Amino acid sequence: MSHTTAPSHAAPSRAPRWVRVVTPLMLILVWFAVFGAGGSAFGQVNDVAENDQVQHLPASADATQVHELEPEFRGDDVVPAVIVFERDAGVTDADRTAIDDAVDHISGITGVDDDGVSPAIMSDDGEAMQVVAMLDASIKPADTVEKIRAYFADELPGGLDAAVAGPAGLSADIVDAFSGLDGLLLIVALAVVLVILIIVYRSPLLPFIVLGTSLVALTGAMFTVVELAKHDIVVLSGQTQGILMILVIGAATDYSLLYVSRYREALRDYERKWEASWVALRGALPAILASGGTVIAGLLCLLLSELNSNKALGPVAAIGIVFALLASLTLLPALLMWAGRVAFWPLRPKYGDEHNMDKGADGRGLWPAVARLVKRRPRTIWIVSTLVLAAAAFGLVGLKADGVSQSEFVIGHSEAREGQKVLDDHFPESAGTPAVIIANDDQLDAVSDTVLSTNGVGSLAVISDDSPSGTLPVTEDGVQPTHGPTGPVEGEPKVVGGQVMLQATLEAPGDSVEAEEVVRDLRSQFDESGNDVLVGGVAATAIDTIDASVHDRNLVIPLVLVVILIILMLLLRSILAPVLLVLTVVLSFASALGVSSIVFNDVLKFPGADPSVPMFGFVFLVALGIDYNIFLMTRVREESVLHGTREGITRGLVATGGVITSAGIVLAATFAALGVLPVLFLAQISFIVAFGVLLDTIIVRSLLVPSLSYDIGKAIWWPSKLSRTLN
């Protein structure tokens with residue numbers, strides 16, 4: 001060989017020919033069986049996905065308890081759809097006839113609760129009419145809403161607009177926003193990764209081997225989580241599915257890139273591909289396992305979340321990373337062993353070729369040039385890099401992450417959101433979705449007085465079996481009779497288990513900040529009075545979601561940092577290096593979030609962000625960003641053992657610079673693909689992670705970490721034995 005460095009890993013003894021043939025073949029066949037069996041899982045996700053926000057709350061939340069008790073009072077588990085008709089010039093007699101026909105038609109649609117459609121009510125200005133339809137929650141309300149909307153599109157007179165709003169309409173819009181998960185998102189993500197791999201490898205075969213490995217890993221993960229969801233072991237939602245797909249493709253491709261890099265090196269050192277495969281696997285295994293283990297550990301910290309949607313993402317995403325690890329460490333080596341040097345055609349690595357890494361900073365190309373820069377000006381580089389990142393982090397002062405209304409969940413057109421605006425304009429006295437209150441029956445008068453005296457409450461009613469409408473009005477004078485077809489109807493509140501249920505119509509839309517303030521005021525008054533009262537409904541659900549998200553953010557972020565720090569200490573057998581690496585990742589995250597805040601507020605004009613957005617951004621950026629630290633520093637440590645710390649840093653930078661940059665671009669591109677879905681949460685996570693990964697790759701891993709480590713020298717490995725060796 002023309003190079004002087006001995007291979008880092010000794011070759012195994014040569015195995016019999018049948019072992020060398022059968023082993024990769026069996027691995028390929030097993031994974032292809034997984035691919036074949038798991039392909040059907042994509043079509044089953046919608047059957048097991050749960051996008052109802054109440055289902056994501058902890059069981060202890062007031063909104064959850066109210067949601068579970070409601071069917072006992074109403075007789076069925078129903079979701080209200082508020083239908084509004086509008087004509088700017090005023091509703092005509094022909095319009096009223098068409099609306100009456102629509103009410104009759106809606107009453108007969110499967111999924112609409114029996115006797116669950118109210119008569120149409122005219123607005124005071126005569127320009128709109130409102131109908132409330134109660135939909136059976138057990139028959140996918142989103143499908144029922146689509147049937148209603150389809151009827152309106154075909155049967156209403158020209159100029160008469162109709163919209164389905166309320167919780168059921170919003171649920172349908174959310175389901176529609178996630179409709180591109182199985183098709184558009186997957187196609188965009190795979191296409192983007194394929195283009196990047198073709199540019200990176202300049203080979204017609206290798207990109208398809210790597211991408212095929214990622215796709216098989218995704219299929220196995222999807223099949224597993226769908227089967228677990230069928231048995232209620234894990235919970236799937238649209239956003240969990242989207243993150244799972246992107247995470248598996250990105251992580252599996254990153255791990256594959258690292259293995260391919262090692263395999264290319266080994267093919268220069270070993271003539272036979274069996275030996276090269278084993279050496280590459282031994283070299284890549286510690287870094288890949290540590291990277292995957294770190295991500296899994298970080299994700300499993302989400303199990304301590306209060307919010308069920310956060311808690312559910314932890315094991316689902318961890319399963320995805322497990323399959324990414326397994327595929328990149330078994331299927332990929334088997335495919336590359338089958339292909340050998342042909343996989344790299346036309347740039348085949350030849351046995352005995354010199355490694356560019358052997359010359360370190362004296363080599364030719366981009367990364368030797370970066371290594372020379374680090375070698376000449378280490379202190380200047382890490383100080384300037386730190387200042388640039390710190391300046392970007394100042395954008396955090398403008399971060400708005402205290403929650404947004406559920407109607408803002410969908411980006412772009414939302415029929416439910418537009419319908420709510422029409423309701424606000426024409427029915428201001430009843431535009432809000434009711435707050436649902438459950439209290440002991442002996443507290444009815446006291447609770448009613450509190451509710452009616454609270455600013456922001458328009459009216460109050462109590463559930464009753466005696467009333468044609470199912471409710472009785474409640475005023476300051478107590479429960480009042482309702483009007484039936486033949487006159488006033490006296491009735492009594494329905495009592496279930498010693499409790500009654502009231503509906504407080506709010507003056508503000510149910511998913512608005514103003515409605516949330518009213519609900520918080522009600523809860524505060526009930527707490528002060530000592531009454532055992534539960535307040536639920538749309539606004540209460542939003543409040544409980546935000547409060548749980550804040551709790552999760554404050555708990556999970558420090559926990560993830562501690563877990564990752566411990567893993568890095570065990571991996572690098574050092575204290576100082578892991579502490580510095582974690583600090584660089586935190587600084588990188590703060591910078592990414594600061595820039596994202598400016599983009600969200602001033603460029604994209606987003607209304608705000610959910611409190612869980614910074615938490616998820618942190619988990620993904622830190623857990624995945626630390627991968628590149630691991631890729632770099634495990635190689636640096638390996639080279640430092642042979643050549644000393646400072647030489648090891650430059651050699652490690654040259655060896656991993658290309659693969660880390662490629663991996664970062666791939667991961668950023670896959671997360672950017674989430675932006676094709678019109679979902680606010682995913683769009684924000686998409687930008688934060690994509691931008692943060694690029695920042696991490698270009699500045700932190702290429703400049704800040706190498707220059708800081710070079711400036712510190714062998715002390716970076718303190719207190720391990722390596723810190724006491726010669727530089």
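Enquirer: Could you give an account of the side chain of Thr634, with specific residues and numbers?
Expert: With respect to the element layout, Thr634 can be found in helix 19 (residues 612-643). Of the residues examined, Thr634 reaches a relative accessible area of 17% and is grouped as buried. A polar contact of 3.5 Å, which involves the side chain of Thr634, links it to the backbone oxygen of Phe631. In this structure, Thr634 is in contact with Ala287, Leu571, Leu572 and Asn629, ignoring residues within four places of it in sequence.

Enquirer: Describe in detail the nonpolar core, supporting the description with residues and values.
Expert: In this structure, Phe620 and Phe671 are the most contacted members of the largest nonpolar core, which totals 161 residues. With residues near it in sequence (within four places) discarded, Phe671 still touches Ile246, Leu247, Phe620, Leu624, Ile685, Ser686, Val689 and Ala690. Listed in part, the 31 residues of the second largest apolar core include Ile437, Leu472, Val474 and Leu506.

Enquirer: Let's hear about a nonpolar patch on the surface: which residues, and what values?
Expert: On the surface, a cluster of nonpolar side chains totalling about 430 Å² of accessible area is made up of Val21, Val22, Leu25, Met26 and Leu29. You can see Met26 is positioned in helix 1 (residues 17-38). Met26 gets classed as partly exposed once you look at its relative accessible area, which sits at 45%.

Enquirer: Before we move on, can you summarise helix 13 (residues 378-393) with the specific residues and values?
Expert: Two residues of an α-helix separated by three or four positions point the same way, owing to the 3.6 residues in each turn. Between its first and last C-alpha, helix 13 extends 23 Å over 16 residues, near the 22 Å set by a 1.5 Å rise per residue. Residues of helix 13 that are buried: Pro378, Ile381, Ser385, Leu389 and Ala393. One face of helix 13 carries all of its buried residues, which in axial projection span an arc of 105 degrees. Projecting away from the buried face of helix 13 at angles above 90 degrees are the exposed residues Arg379 and Leu387.

Enquirer: Can you break down the pattern of salt bridges residue by residue, with the values?
Expert: Enumeration over the complete set of coordinates arrives at 16 salt bridges. Residue Glu227 pairs with Lys230 through a salt bridge whose shortest N-O separation is 3.2 Å. With Glu227 and Lys230 both in helix 8 (residues 206-230) and three residues apart, the pair spans about one turn of that helix. Residue Glu227 is classed as partly exposed on the basis of its relative accessible area, which comes to 26%.

Enquirer: Help me get a handle on helix 21 (residues 680-712), residues and values and all.
Expert: Along helix 21, the helix axis deviates most sharply at Val700, where the bend reaches about 50 degrees. Of all the 33 residues making up helix 21, 27 are buried; the element is thus mostly covered by neighbouring parts of the structure. Looking one or two residues past helix 21, Gly713 carries a phi angle of roughly 80 degrees, positive in sign.

Analysis parameters
Residues numbered from 1 in each chain as written. Predicted model: local features only at pLDDT ≥ 70, side-chain atom pairs only at ≥ 80, totals over all residues. Heavy atoms only, no water. Helix = DSSP H or I, 4+ residues; strand = E, 2+ residues; numbered from the N terminus. Buried < 20%, exposed > 50% of the residue type's maximum accessible area, 1.4 Å probe, protein only. Polar contact = N/O pair within 3.5 Å; in protein donor to acceptor, adjacent residues only side chain to side chain. Contact = heavy atoms within 4.5 Å. Core = buried A, V, L, I, M, F, W, Y, C linked by side-chain atoms within 4.5 Å. Patch = residues over 30% accessible without salt bridge, like charges linked within 9 Å, V, L, I, M, F, W, Y side chains within 5 Å. Areas by Shrake-Rupley, 256 points an atom, 1.4 Å probe, with all protein chains shown as cover. Salt bridge = Lys/Arg side-chain N within 4 Å of Asp/Glu carboxyl O. Expected span 1.5 Å × (residues − 1). Arc of directions from axis to C-beta. Bend = angle between axes of the 7 residues up to and from the residue.

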